[in-house]
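Geometric and topological summary
In case you want the letters, here they are:
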Amino acid sequence: MVQRRLLEIAVEQFGQRGLEGASTRDIAAAAGTAMSSITYHYGGKDGLYLAAADFVADQLGADDDSEAIEEQTATDDPATARAAIHAIVVRFLDRIKQRDADSWALFIMREQMNPTEAFERIYAGAMGRQSRAMVQLICIATGVKDGYAARLAAISLIGQVLVVKAARATCRRLLECDQLNPAIIDDYAARVAANIDAILDRMIAERQEQA
């Protein structure tokens, strides 16, 4: 329990202050443990930072079913692939509504801007698996063989989710609200679902036009 609390606080502090700005002394104190425990378990600040990245990856993949993803991408049915794309995006949005999502998002955004080994560890988990699955499913759902076009589409679909965290202040200002509460996220999810279908339908139409 103490180690989990230590990692939760580490994710929060590293997300807010970065690797250089965060204090292991403050992290240990907030977790109610001794500084020596960080050295013993992680070797120091750098080791704790990587452990925090592993913790984020684990949390992102808490309900990630690798076998289910493999089954989804093995389909040749466009309707099944489309439904799987919707399911992946819904899982992303559900993650955003969780209590710890803000600290995870800050940590990940720092790594997005200045990637280190920590980002590689995060991407090696559910983030990478689901992103790659998204590309495969887009190809199946649309019949598009161009992997580059599918990757561009995946970025646009995933970006609709990330904007809620990466541009949170702008979202709040546009929506004229103090917080992006779960009800607002649910309303936004309906808009995203419509956008997914519009993007996929347009890709199908473009493929047919080029045939």
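What this report covers is the structure whose coordinates are included nearby. Residue positions are given per chain, counted from 1 along the sequence in the order it is written. Local features are withheld for residues below a pLDDT of 70 in this predicted model, meaning they are given only at 70 or higher, and side-chain atom pairs are given and counted only at 80 or more; totals for whole chains, interfaces and linings count all residues. Processing note: side-chain calculations cover all non-hydrogen atoms of the structure and skip hydrogens and water entirely.

So, on to the overall build of the protein. Only DSSP runs of H or I reaching four residues or more are called helices, and only runs of E reaching two or more are called strands; each is numbered from the N terminus. The number of helices and strands found in the protein is 11 helices and 0 strands. Its C-alpha atoms give the protein principal-axis dimensions of roughly 65 × 40 × 30 Å. Contacts in the protein between residues at least 24 apart in sequence constitute 73% of all its contacts with a sequence separation of at least 6. One finds the centroid of the 23 positive side-chain charges in the protein at a distance of 5 Å from the centroid of its 30 negative side-chain charges. Whether two residues touch is decided by their heavy atoms; if any such pair falls within 4.5 Å, the residues are in contact. For the purpose of charge, His is not counted, nor are the chain termini; Lys and Arg are scored as positive and Asp and Glu as negative. Where a charge lies is defined by one atom per residue type: Lys uses NZ, Arg uses CZ, Asp uses CG and Glu uses CD.

Salt bridges are counted wherever a side-chain nitrogen of Lys or Arg sits within 4 Å of a carboxyl oxygen of Asp or Glu. In total, this model carries 11 salt bridges according to the counting rule given. Note that Arg121 and Asp54 form a salt bridge whose closest N and O atoms lie 2.8 Å from each other. Taken together, the residues span a long stretch of sequence, with Arg121 in helix H8 (residues 117-142) and Asp54 in helix H4 (residues 45-60) at a distance of 67 residues. Each residue's exposure class comes from its accessible area (1.4 Å probe, protein chains only) as a fraction of the maximum for that residue type: buried when under 20%, exposed when over 50%, partly exposed otherwise. The class of Asp54 is partly exposed, set by a relative accessible area of 30%. Linking Arg121 and Glu117 is a salt bridge whose minimum nitrogen-to-oxygen distance equals 3.0 Å.

In this section: unusual backbone geometry. With a phi close to 55 degrees, Glu176 is a non-glycine residue in the positive phi region. Locating Glu176 in the fold gives a position in the loop between helix H10 (168-175) and helix H11 (182-210). In this structure Glu176 comes out as exposed when scored by relative accessible area, which is 73%.

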